[in-house]
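Here is what each chain is made of, one letter per residue.
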Amino acid sequence: MIRKYVYGKPFSTEAVVADVSAGEGSPAYGRVETEKGFCFTYTMEETDIVYGLGEANRGLNKRGYCYISDCTDDPNHTEDKRSLYGAHNFIVVSGKETFGLFFDYPSAMTFDIGYTRMDTLQVSCESADLNLYVIEGDSPYDIVKQFRKIIGRSYIPPKYAFGFGQSRWGYKTKEDFRKVASGYRENKIPLDMVYMDIDYMQDFKDFTLNEKNFPDFPEFVQEMKSQNIRLIPIIDAGVKIEDGYDIYEEGVANRYFCQREDGSDFVAAVWPGDTHFPDVLNNEARTWFGDKYRILTDQGIEGFWNDMNEPAIFYSPEGIAELKEMLKSFLESENYNDGVNAGELATADIPKSEAGANGTDDADEGTGSGSDDGAAAVSLWPLMGKIGALANSKEDYRNFYHVVNGERVRHDKVHNLFGYYMTRAAGEAFERIDPKKRFLMFSRSSYIGMHRYGGIWMGDNKSWWSHILLNLKMLPSLNMCGFLYTGADLGGFGADTTRDLLLRWLALGVFTPLMRNHAAAGTREQECYQFEDMEDFRHVIGVRYRLIPYLYSEYMKAALNDDLYFKPLAFVYPEDSMAVQVEDQMMLGNEAMIAPVYTQNARGRYVYLPEEMKFVKFLPDGTISEEILSIGHHYVEIALNEVPLFIRSGKCIPLAQAAQCVDALNTEHLTMIGYEGTEYTLYDDDGFGKDYEKKDNYRTIKY
Ligand code: GLC
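Keep in mind it's a predicted model, so treat the numbers as computed, not measured. (Residues numbered from 1 in each chain as written. Predicted model: local features only at pLDDT ≥ 70, side-chain atom pairs only at ≥ 80, totals over all residues. Heavy atoms only, no water.)

**So, the overall build of the protein**
Scanning the protein for helices and strands turns up 17 helices and 38 strands. Over its C-alpha atoms the protein spans a radius of gyration of 25 Å, differing by no more than 12% from the 27 Å that the globule rule assigns to 703 residues. With 703 residues in all, the protein has 63% of them scored as buried. Summed over all atoms, the accessible surface of the protein reaches about 26200 Å², with 47% contributed by carbon and sulfur. The centroid of the 72 positive side-chain charges in the protein is displaced by 4 Å from the centroid of its 109 negative side-chain charges. (Helix = DSSP H or I, 4+ residues; strand = E, 2+ residues; numbered from the N terminus. Rg over C-alpha atoms; globule rule 2.2 N^0.38 Å. Buried < 20%, exposed > 50% of the residue type's maximum accessible area, 1.4 Å probe, protein only. Areas by Shrake-Rupley, 256 points an atom, 1.4 Å probe, with all protein chains shown as cover. Lys, Arg positive; Asp, Glu negative; His and termini not counted. Charge placed at Lys NZ, Arg CZ, Asp CG, Glu CD.)

Given below as structure tokens:
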């Protein structure tokens, strides 16, 4: 049962698409206060578990930290960070009382889940204008499924998007792309997509192509397609300010960009230099921006990734002007002049306040320009703080507006919706471009509701072992919030990867719907063919292709039934007090469990089996080892070039032969693994169309 409680005048985010009955009185759980902003307080029992929050830091059980839903471009996903790129305000408290809460509120919202006081859950935000959905059910799993029903069906990508993709920030020319294609094809490592990062554009202008490097682009798209490789270009949020650039000029002429209070177009510097943000919350502007994707689909492109749509801001002219003032007063100050001791200068006025836990807040709180202390104004710290605070500054987010149904809305009030609405622009446009066809789309920033239009990737992670685990723990949480098509930059985006890290991460990526190797410019090259003993990579990625019939089938069942593709063990074995605590193994579909290795130099790992299972290992020689393991704890050996999978008792899954691309998979001739004498119902379709409900899409295979 779901009840909706309306506080103040909520902004309509369109996250929820179903009609939900209004609740009477106040919610049956916790206490709501609306005198000073909004605050929900609930006292937790010691053993209560809190699930949810989608793309958020730390564990599957969110207890013990403070998270802020505030879409942020922060590439350092360290343990102390409170905000990542998404804002997914759905939680489930599971314990003595079990209930779900969705706080539909598009600006910054704090989830203090036992941080200030270990037993207190407190959800708060600045203005008491929001819709609160309270969900009751038999179990956390049941609550999640009810929630998923009211937010609408998750995005369904084309089937080729379940293939493997290679990406790198820095591929510039056709030759660069051909090299990647041949690196994979010649070495017989399967591949379906190569991603085009910002360098394909002319001066980072959205929907353009570098004229020198990409003459005859449609031909090049076909050249790649003839090898069964699809090019997937990036689209950034900011539109470059440049006379003669049609998109810029149209946007200005039609007032489609976000404006300052005085009506001038707001300026933010991102990759192209100064840009304007398309006002994707304005219906007309959103349609206009969405239609621009056609420029590339007309040239044969069938998929995109949307980036920098928090929206990220490197700096604004306003921020630079303030910095200039501060620099001027610093240079003119006595501190800077003669006789100064460099050490003293550096340590003078070190901010005493504890630096904010969130990177982007540091400068505001501790070292910002806000100091009214005369001496501090001329010490080095505020200046350095100001430089650090130029990017993604809260002040900038207060400096521009959207026009929503004729009314002006200040950006910070709806900040968390930008990525959602940018992706919605594309999703709605795809419906106009070809309503019968699926396009690949995933975004960096998101809010619940966006899950209907695209998937997400987890942003700029690092080549760290801890990030494999972070990736794993986030998967079921994202699924709870509707984001099924998801995956992390395998191998790690920032920092230099290592061969073993990439192999282990791929062995997790084998199971994530989005399986993409992506790296930042300047890092070690990490395409699979760059490493010795390439056959290991051929094998691991080959396993992905062998599993695609199953993975696709489970994905489709999850999407079509508002269900989860990845589940916590707790959702399947709620009575097993040990299973309920497991955070480094996940249920995959209805037949399997995954338990990847995420520790360097480990030759295996401990797993907990809540029931008897078949431990399957895909061995590098193409064979499969199967061993029945009993309920309980086990140490299982897993070599670097092996992919482990657990099949639940009484279940089986289909396997195809490995293929070089999804189109070449033979899904008619499947073999089965798992428990003999059982059967599996396979979902399959043409992979492009939208005729999901056809009966023929299901067939039962006996083992
Ligand atoms: C952002 C994206 C990253 C991309 C880079 C350059 O950091 O998150 O994936 O490679 O921008 O476009």
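**Overview of the packing of aromatic side chains**
A full pass over the atoms with the stated rule returns 57 aromatic pairs. Ring plane angle 25° and centroid distance 4.4 Å describe the contact between Phe266 and Phe400, whose orientation is recorded as stacked. Of this pair, Phe266 sits in the loop between helix 4 (246-253) and strand 16 (268-270) while Phe400 sits in the loop between helix 12 (394-397) and strand 19 (401-404), and the two are 134 residues apart along the sequence. Accessibility assignment for this pair places Phe266 and Phe400 in one class, buried. Over the ring of Tyr65 we find Arg58, and its NZ or CZ is 3.5 Å from the ring centre. Positioned over the ring face of Tyr245 is Lys205, at 5.4 Å from the centre of the ring. (Phe/Tyr/Trp six-rings, centres within 6.5 Å; stacked < 30°, edge-to-face > 60°. Lys NZ or Arg CZ within 6 Å of the ring centre and 35° of its normal.)

**Notes on the sheet that holds strand 25 (residues 489-490)**
Strand order in this open sheet of nine strands is 24-23-21-18-14-13-12-26-25, and the pairing throughout is parallel. This sheet does not close on itself; its edge strands, each paired only once, are strand 24 (486-487) and strand 25. By the bridge criterion, two bridges tie strand 21 (residues 440-443) to strand 23 (residues 455-457) in an arrangement that is parallel. From the neighbouring strand, Ser443 faces strand 23, where its bridge partner is Ile456. On top of the sheet, helix 2 (residues 174-186) reaches strand 12 (164-166), strand 13 (193-196), strand 14 (230-236) and strand 26 (515-517); it is set at about 155° to strand 13, its chief contact. (Pairing = 2+ DSSP bridges. Contact = heavy atoms within 4.5 Å. Axes fitted to C-alpha atoms, helices over the stretch in contact; angles between N-to-C directions.)

**A closer look at the pairing of strand 30 (residues 604-609)**
The buried fraction of strand 30 is high, at five of six residues. As defined by bridge partners, strand 30 adjoins strand 33 (residues 632-637) across six bridges and the pair is classed as antiparallel. Pairing of Gly604 across the sheet is with Glu637, part of strand 33.

**Some words on the environment of Ala519**
Here Ala519 is to be found in the loop between strand 26 and helix 16 (535-560). Ala519 sits 403 residues away from Thr116 along the chain, and the two C-alpha atoms are 37 Å apart. Discounting chain neighbours no more than four positions away, the residues touching Ala519 are Ser167, Arg168, Trp169, Gly492, Phe493 and Gln526.

**Things to note about the site of the ligand**
Around the ligand, 13 residues are found, and the nearest of them are Asp197, Asp307, Arg444, Asp460 and His518. Here an oxygen atom of the ligand and a side-chain polar atom of Asp307 are 3.1 Å apart. Between Asp460 and the ligand, the recorded distance is 2.5 Å, taken from a side-chain N or O atom to an oxygen atom. In the complex, the protein chains occlude 98% of the 310 Å² of accessible area that the ligand would expose alone. (Near = heavy atom within 4 Å. Polar contact = N/O pair within 3.5 Å; in protein donor to acceptor, adjacent residues only side chain to side chain.)

**A closer look at the packing of helix 5 (residues 283-291) against helix 13 (residues 418-433)**
Contact geometry for helix 5 and helix 13: axes closest at 8 Å, N-to-C directions at 65°. With respect to each other, helix 5 and helix 13 are oriented roughly perpendicular. Our pair here, helix 5 against helix 13, has a crossing hand that is right-handed. Touching Arg286, Thr287, Phe289, Gly290 and Asp291 of helix 5 are Tyr421, Met422, Arg424, Ala425, Glu428, Ala429 and Arg432, all from helix 13. Its residues assigned to classes, the contact of helix 5 with helix 13 shows five nonpolar, two polar and five charged. (Parallel < 35°, antiparallel > 145°, perpendicular 65-115°, else oblique. Left-handed = near helix turned anticlockwise from the far one by under 90°. Nonpolar A, V, L, I, M, F, W, Y, C, P; charged D, E, K, R; others polar.)

**Observations regarding helix 3 (residues 217-225)**
Inspection of helix 3 places Phe217, Phe220, Val221 and Met224 among the buried residues, and these make up the whole buried set. Taken down its axis, helix 3 places every buried residue within 105° of arc, on the same side. (Arc of directions from axis to C-beta.)

**With respect to the sheet that holds strand 11 (residues 130-136)**
Spatially, the five strands line up as an open sheet ordered 1-11-8-7-4, and their pairing is antiparallel. The sheet is open, and its two edges are formed by strand 1 (2-7) and strand 4 (49-52), each paired on a single side. In this sheet, neighbouring strand axes are inclined to one another by 20° on average, regardless of whether the strands run parallel or antiparallel. Here six bridges tie strand 8 (residues 99-104) to strand 11, and the two strands are oriented antiparallel to one another. Counterpart to Gly100 in the pairing with strand 11 is Ile135. Against the sheet, helix 1 (residues 140-151) engages strand 1, strand 4, strand 7 (90-94), strand 8 and strand 11, with an angle of about 160° to strand 7.

**A look at the confidence of the model for the protein**
Should pLDDT be low for a region, the predicted coordinates there are not to be read in detail. Per-residue confidence for the protein gives a mean pLDDT of 94; residues scoring 70 or more make up 93%. A low-confidence stretch, residues 353-377 stays under pLDDT 50, and its non-local contacts, those more than four residues away or across chains, total 39 contacts. (pLDDT = per-residue confidence, 0-100.)

**A look at the pattern of salt bridges**
Enumeration according to the criterion identifies 39 salt bridges in this entry. With its nearest N and O atoms 3.0 Å apart, the salt bridge here joins Asp119 to Arg117. Here Asp119 falls in the partly exposed class, since its relative accessible area comes to 24%. Residue Arg499 pairs with Asp536 through a salt bridge whose shortest N-O separation is 2.7 Å. Pair noted here: Arg499 is in helix 15 (residues 499-509) and Asp536 is in helix 16, with a separation of 37 residues, a long-range link. Considered together, Arg499 and Asp536 belong to a single accessibility category, that of buried residues. It is possible to trace a salt-bridge network through shared partners that takes in Asp73, Asp307, Glu310, Arg444 and Asp460. (Salt bridge = Lys/Arg side-chain N within 4 Å of Asp/Glu carboxyl O.)

**A word on the side chain of Ser443**
Summarising the element assignment, Ser443 is placed in strand 21. Polar contacts involving the side chain of Ser443 include one to the side chain of Asn309, which spans 2.9 Å. At a separation of 3.4 Å, a polar atom in the side chain of Ser443 contacts the side chain of Thr423. Those residues in contact with Ser443, other than ones at most four positions away along the chain, are Asn306, Asn309, Gly419, Thr423, Met450, Gly455, Ile456 and Trp457.

**Concerning helix 1**
Taking 1.5 Å per residue, twelve residues should reach 16 Å; helix 1 reaches 17 Å between its end C-alpha atoms and fits that length. Within helix 1 the residues assigned to the buried category are Pro140, Tyr141, Ile143, Val144, Gln146, Phe147, Arg148, Ile150 and Ile151. (Expected span 1.5 Å × (residues − 1).)

**Topic: unusual backbone geometry**
A cis amide bond, omega -5°, links Glu310 with the succeeding residue Pro311. Tracing the backbone through its elements, the reader meets Pro311 in the loop between strand 18 (303-307) and helix 7 (317-332). Unusually for a residue other than glycine, Asp533 sits at a positive phi of about 45°. You can see Asp533 is positioned in the loop between strand 26 and helix 16. For Asp562, which is not a glycine, the phi torsion comes out positive at approximately 50°. With respect to the helices and strands, Asp562 occurs in the loop between helix 16 and strand 27 (566-567).

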